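Observations on the three-dimensional arrangement
Below are the chains, spelled out letter by letter.
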Amino acid sequence: MNSLRKLTQNVFRQNLFPFFPRFSSESSSSSAQGAKGLVVGVYDQDKGKNKSKEETCIELSPGAYKVDQITGGKVINALNGLRGDIGKLGKVTILSNLSEEYPAIAVSGMGPKNTKFSDAEYLDEEAENVRIATGVGAKELQKVGVTEVVVEDFKRPEAAAEGSALGLWYYSDVPTQTKLSMLKEEGAGVTDEAKTAEDDWMRGLTKAESQNIVRCLCETPSNFVTPTQFAQRARDLLCPYGVQVFARDVRWMKENHMAALLTIGSSSIEPPVFLDLNYCSDDPKVNPYIMIGQGTTFNCGGLCRKECSRMMDADYASAATMLGVFKAVAAMRLPINIRGISVH
């Protein structure tokens, strides 16, 4: 049994745990040899409620308008021959061979233009529309074999980076790299506005990477995310960012009289782990935000046993989310104090 456990841990460390970065923001020789695609947008400018789909007006985004000018009006001519709902939010139209630089252009529907902040949902609908449009656009380009995706920022670089990076991610144990970059205006130079946009873009990539970490953990089979492996992953992920990671073992639990946790953990050959995370970037006297996550990595159902297919459903999404939050907060150096606790 011990030899089997060691073999499983070695395989886990080598290649069976899916790679978190599904995209790269830096240039690489492999990406340069592949196809290149562009994500731009089109707005659904519906001026009348009684108009049919064929009569609905559309308006190109600034990036799409520039590409249309460069190609001599080919973009708008191609869109005019399509249905009137191409500006609908989440709708993607792939245009091929209109530009030498971008063999594939994804025109994503942005929905209505000039959407406002929703007080009822407490949501910036404009940023949300950008996230949805860039996400589906980048995903469709990836499906047709594009290995280098350039995304228009839509004046919301952070939302564009987050949406496109989330759209490119998929669960796989094969390390694939898709280059992801922001569409920049040629000859614009280095200005304060360009620097701000670049910083916002990187912040969006950080947020997306943290969310993709959570998605990856939740999709990984339970036999490759035991309590010990989860704690190891938390240490490797958070310690480089200055987060204190304490993995309490069985001995510590006995000393602190955690009988319930030890009783439940005794049903498995894998020892339980009490994970304690601490991030302090503010005055230590300031009370921290507390996060508590459930970290049950395997649940057979006890006396009422589940079906085999459902036994592998991990019940540690809240603990994985806690890791993603700590990763994002620490990477962005937010001036707050956070304390996280999860039981595995």
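Located above this text is the structure these notes cover.
Just so you know, these numbers come straight off a predicted model, no measurement behind them. (Residues numbered from 1 in each chain as written. Predicted model: local features only at pLDDT ≥ 70, side-chain atom pairs only at ≥ 80, totals over all residues. Heavy atoms only, no water.)

**Things to note about the packing of helix α6 (residues 157-168) against helix α7 (residues 192-219)**
For the pair α6 and α7, interaxial distance at closest approach is 7 Å and the crossing angle is 30 degrees. When the axes of α6 and α7 are compared, the crossing they make is right-handed. In this structure, α6 uses Pro 157, Glu 158, Ala 160, Ala 161, Glu 162, Ser 164, Ala 165 and Leu 166 to contact α7, whose residues at the interface are Ala 197, Asp 200, Trp 201, Arg 203, Gly 204, Leu 205, Lys 207, Ala 208, Gln 211, Asn 212 and Arg 215. Classifying every residue of the contact of α6 with α7 by side-chain character gives nine nonpolar, four polar and six charged. (Axes fitted to C-alpha atoms, helices over the stretch in contact; angles between N-to-C directions. Helix = DSSP H or I, 4+ residues; strand = E, 2+ residues; numbered from the N terminus. Left-handed = near helix turned anticlockwise from the far one by under 90°. Contact = heavy atoms within 4.5 Å. Nonpolar A, V, L, I, M, F, W, Y, C, P; charged D, E, K, R; others polar.)

**Observations concerning unusual backbone geometry**
If a residue is not glycine, its phi is most likely negative; likewise, a peptide bond is most likely trans. With phi around 60 degrees, Asn 97 is a residue other than glycine that occupies positive phi space. Relative to the elements of secondary structure, Asn 97 occurs in the loop between β4 (92-96) and β5 (104-109). With a relative accessible area of 66%, Asn 97 lands in the exposed category. (Buried < 20%, exposed > 50% of the residue type's maximum accessible area, 1.4 Å probe, protein only.)

**Topic: the pairing of strand β11 (residues 274-280)**
With five of seven residues buried, β11 lies mostly within the body of the structure. Note: strand β10 (residues 244-248) against β11, five bridges, orientation antiparallel. The partner of Val 245 across the bridge, within β11, is Leu 277. Taken together, the seven bridges between β11 and strand β13 (residues 337-343) define a ladder with antiparallel strand orientation. Opposite Asp 276, over in β13, you have Ile 341 as the bridge partner. (Pairing = 2+ DSSP bridges.)

**Remarks on the side chain of Thr 134**
Secondary-structure assignment places Thr 134 in helix α5 (residues 125-143). Within the structure, the side chain of Thr 134 is placed 2.7 Å from the backbone oxygen of Val 130, a separation counted as a polar contact. Here the side chain of Thr 134 touches Ser 164 through a polar contact of 3.5 Å, landing on its backbone nitrogen. What Thr 134 contacts, discounting residues up to four positions off in sequence, is Val 39, Val 151, Glu 152, Phe 154, Ala 159, Ala 160, Gly 163 and Ser 164. (Polar contact = N/O pair within 3.5 Å; in protein donor to acceptor, adjacent residues only side chain to side chain.)

**A look at α6**
Taking 1.5 Å per residue, 12 residues should reach 16 Å; α6 reaches 16 Å between its end C-alpha atoms and fits that length. α6 sits mainly inside the fold: 11 of its 12 residues count as buried. Here α6 has its buried residues at Pro 157, Glu 158, Ala 159, Ala 160, Ala 161, Glu 162, Gly 163, Ser 164, Ala 165, Gly 167 and Leu 168. (Expected span 1.5 Å × (residues − 1).)

**Concerning the pattern of salt bridges**
Opposite charge on two side chains makes pairing possible when the charged atoms of those side chains draw close. Applying the stated criterion across every chain yields a total of 17 salt bridges. Here Asp 276 makes a salt bridge to Arg 339, at a shortest N to O gap of 2.8 Å. Of the two residues, Asp 276 is situated in strand β11 and Arg 339 in strand β13; the sequence distance between them amounts to 63 residues. (Salt bridge = Lys/Arg side-chain N within 4 Å of Asp/Glu carboxyl O.)

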